[in-house]
Structures are given as C-alpha cells and as structure tokens.
Amino acid sequence: NVLSDLDTRLWRESIGYVPQETFLFHNTISNNISLGNRRYSEKDVEWALKTAGALEFVSGRSEGVNAMVGEHGGKLSGGQRQRISLARALIRKPSLLVLDEPTSGLDSKTETEILETLQKLADPMTILVISHQPAVIRAARLVYRLEHGRVVETIENK
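Each residue is numbered by its place in its chain's sequence as written, counting from 1. At least 70 in pLDDT is required for a residue's local features to be given in this predicted model, at least 80 for side-chain atom pairs to be given and counted, and no such filter applies to totals for whole chains, interfaces and linings, which use all residues. With hydrogens and water stripped out, all remaining heavy atoms of the structure feed into the side-chain values.

Peer 1: In this structure, what is going on with the packing of aromatic side chains? I would like to understand it.
Peer 2: Pairing of aromatic side chains here covers Phe, Tyr and the six-membered ring of Trp, requires ring centres within 6.5 Å, and sorts the geometry by plane angle: under 30 degrees stacked, over 60 edge-to-face, intermediate tilted. Taken as a whole and assessed by the stated rule, the structure comprises 1 aromatic pair. Criterion for a charge above a ring: Arg CZ or Lys NZ at most 6 Å from the ring centre, at most 35 degrees from the ring normal. Between lysine 93 and the ring centre of tryptophan 47, over which it is positioned, the NZ or CZ distance is 4.8 Å.

Peer 1: Looking at this structure, how should I read helix α6 (residues 108-121)?
Peer 2: Count 3.6 residues to each turn of an α-helix, and residues three or four apart come out pointing the same way. Each helix is a run of DSSP H or I of at least 4 residues and each strand a run of E of at least 2, with the numbering of both proceeding from the N terminus. Here the expected length of a helix is defined as 1.5 Å per residue gap, with one fewer gap than residues. For α6, with 14 residues, the first-to-last C-alpha span of 20 Å sits near the 20 Å given by 1.5 Å per residue. Only protein chains enter the calculation, and the probe is 1.4 Å; a residue is then buried if its accessible area is under 20% of its type maximum, exposed if over 50%, and partly exposed in between. Turning to α6, its buried residues are Thr110, Glu111, Ile114, Leu115, Thr117, Leu118 and Leu121. Projected down its long axis, α6 carries its buried residues within an arc of 155°, all on one side. Of the residues in α6, the exposed ones pointing more than 90 degrees away from the buried face are Ser108, Lys109 and Lys120. Whether two residues touch is decided by their heavy atoms; if any such pair falls within 4.5 Å, the residues are in contact. Elements that come into contact with the buried residues of α6 comprise α3 (42-51), α5 (78-90), β2 (96-100), β3 (126-130) and α7 (134-139). Each polar contact in these results corresponds to two N or O atoms within 3.5 Å; when the atoms are within protein, one needs to be able to donate a hydrogen and the other to accept it, and residues that are neighboring in sequence are counted only if both atoms are side-chain atoms. One side-chain oxygen of the residue at the start of α6 lies 3.1 Å from the amide nitrogen of lysine 109, identifying that residue as aspartate 107. The directions from the helix axis to the C-beta atoms form the arc being described.

Peer 1: I tried to follow a nonpolar patch on the surface on my own but got confused; where do I start?
Peer 2: Where nonpolar side chains cluster on the molecular surface, the patch consists of Leu142, Tyr144, Leu146 and Val151 and spans about 400 Å² of accessible area. No other element matches the 3 residues that strand β4 (residues 142-147) contributes to the nonpolar patch. In this fold, leucine 146 is placed in strand β4. Each patch is built from salt-bridge-free residues with over 30% relative accessible area, joining like charges within 9 Å and nonpolar side chains (Val, Leu, Ile, Met, Phe, Trp, Tyr) within 5 Å. For every accessible area listed, the method is Shrake-Rupley and the probe measures 1.4 Å; residues are considered covered only by the protein chains on display. Counted as salt bridges are all cases of a side-chain nitrogen of Lys or Arg within 4 Å of a carboxyl oxygen of Asp or Glu.

Peer 1: What's the story with the environment of alanine 135 in this structure? I'm lost.
Peer 2: Mapped onto the secondary structure, alanine 135 falls in helix α7. Sequence-distant contacts of alanine 135, that is, excluding residues within four places in its chain, are made with Glu111 and Leu115.

Peer 1: Looking at this model, I keep getting lost on the side chain of glutamate 111. Mind explaining?
Peer 2: Note that glutamate 111 resides in helix α6. Asp and Glu count as negative and Lys and Arg as positive, but His and the ends of the chain are not part of the count. Put simply, glutamate 111 is tucked away with no salt bridge, and the nearest opposite charge, on arginine 138, sits 6.1 Å away. In this view, glutamate 111 contacts Thr103, Leu106, Gln133 and Ala135; residues no more than four positions away in its chain are not counted.

Peer 1: Honestly, the packing of α5 against α6 in this entry has me stumped. Any pointers?
Peer 2: Two quantities define a packed helix pair, namely the angle between the axes and the distance from one axis to the other. Every axis in this analysis is a line fitted to C-alpha atoms, fitted for helices over the stretch in contact. Angles between the N-to-C directions lie between 0 and 180 degrees. At a closest axis distance of 10 Å, the pairing of α5 and α6 adopts a crossing angle of 15°. Regarding the angle of α5 to α6, the classification is roughly parallel. Every pair of crossing elements has a handedness; the one defined by α5 and α6 is right-handed. Contacts from Gly79, Gln82, Arg83, Leu86 and Leu90 in α5 reach Thr110, Glu113, Ile114, Thr117, Leu118 and Leu121 in α6. Considered class by class, the residues forming the contact of α5 with α6 number 5 nonpolar, 4 polar and 2 charged. Angle categories: roughly parallel below 35 degrees, roughly antiparallel above 145, roughly perpendicular from 65 to 115, and oblique for all the rest. Should the near helix be turned anticlockwise from the far one by less than a right angle, the crossing is termed left-handed; should it be turned clockwise, right-handed. Any residue outside Ala, Val, Leu, Ile, Met, Phe, Trp, Tyr, Cys, Pro, Asp, Glu, Lys and Arg is labelled polar, Gly included; the first ten of those are nonpolar and the last four are charged.

Peer 1: What's the story with the nonpolar core in this structure? I'm lost.
Peer 2: What tends to happen in soluble globular proteins is that the nonpolar side chains get buried as a cluster. Ranked by size, the top nonpolar core spans 32 residues in total, and within it Ile29, Ile33, Leu49, Ile84, Leu86, Leu97 and Leu118 carry the most contacts. Among the secondary structure elements, those contributing two or more residues to this core are α2 (29-34), α3, α4 (55-59), α5, β2, α6 and α7. Among residues more than four places away in sequence, those in contact with isoleucine 29 are Leu49, Val58, Arg61, Gly64, Val65, Ala67, Val69 and Ile84. Nonpolar cores are built from buried Ala, Val, Leu, Ile, Met, Phe, Trp, Tyr and Cys residues. Side-chain atoms within 4.5 Å join them into one set.

Peer 1: What is the right way to look at the packing of α3 against α5 in this model?
Peer 2: Two elements in contact, α3 and α5, have axes whose closest approach is 8 Å; the angle formed by their N-to-C orientations is 125°. Here α3 is positioned oblique relative to α5, judged by the angle of their axes. Between α3 and α5 the crossing geometry is right-handed. In this structure, α3 uses Trp47, Ala48, Leu49 and Thr51 to contact α5, whose residues at the interface are Ile84, Ala87 and Leu90. For the contact of α3 with α5, a count of residues per class yields 6 nonpolar, 1 polar and no charged.

Structure below.
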C-alpha cells in the first residue's frame with residue numbers, strides 16, 4: 001500500500017498553507033514567521049520575507065524583523081499581514097503552497113502585488129489557490145470551476 005509507506009511528517013512539511021483569515025501573534029515579525037522554531041535562522045526569516053515580497057516594508061521599520069506586530073497584527077496593514085502569513089508558509093520551502101482567498105479584503109493595488117509575488121513563486125513550487133476573486137482567476141494558469149463539489153469547467157489561461 002503506497003499510503004502506508006508515506007512518511008506523513010515529511011509530507012506535511014512539504015505543504016505550506018495560508019488561510020483566508022490571517023492570524024498573527026502579539027509578538028515579533030520574526031517569531032510570527034518562524035513560529036518560534038529554532039531551526040530557522042534570521043537568514044531563513046529574511047529569505048522568507050524577501051520571497052513573500054515583505055522584506056522592504058520590514059526593513060523600513062527601525063526594529064526590522066524584531067518589530068512587534070501588535071494584537072492580531074494590528075500594527076500592520078491587511079496586505080502586510082497577508083505577506084507575513086505567506087512568509088510563514090514559505091519559510092518551510094514547501095513543494096505545494098495552498099492559499100485560501102489570499103486577496104480577500106485587499107485593495108486592488110495590494111491584490112496585484114500579491115498576485116505578482118505568487119506568479120514568481122509558481123516555477124519552484126505548485127500553488128493551489130482557492131478563490132472567487134476575478135483577478136486571481138485571471139492570474140492563474142489553470143482554473144477549475146466547481147459547483148456542488150464537482151468540476152464543471154476547466155479554463156487554461158496563457
């Protein structure tokens with residue numbers, strides 16, 4: 001049986017997930033990305049921030065990665081919270097990245113920036129985005145439209 005041969009710990013570690021509702025701890029940017037896991041160095045955190053398109057705004061803060069995000073990320077904009085959440089998923093260097101409504105509630109400029117970041121990531125990893133947002137659907141390479149849990153249309157974007 002193939003499934004019984006699967007190392008579930010390794011399999012889980014190969015998946016990065018960004019939920020629709022970002023949850024940030026009242027802690028530093030660094031700890032929100034690494035989740036306090038000591039195996040990740042400051043260099044790993046900076047790589048994840050850069051890859052998520054967040055290094056510039058973090059570097060612009062006097063405390064850098066040691067800046068506190070506030071309760072539920074209250075000191076950050078919605079787009080900044082989303083990028084920190086994306087960096088949290090990316091620090092593990094997943095082969096599959098799953099995002100649930102990654103641009104929901106963002107202004108169109110921030111939505112475009114997030115989508116550009118995701119398109120840059122599409123080569124080294126597989127990205128699965130669950131979304132109703134027209135801009136996300138247009139940016140995707142392959143779209144499966146579902147109704148009642150069944151695929152009713154497949155769209156291949158160029």
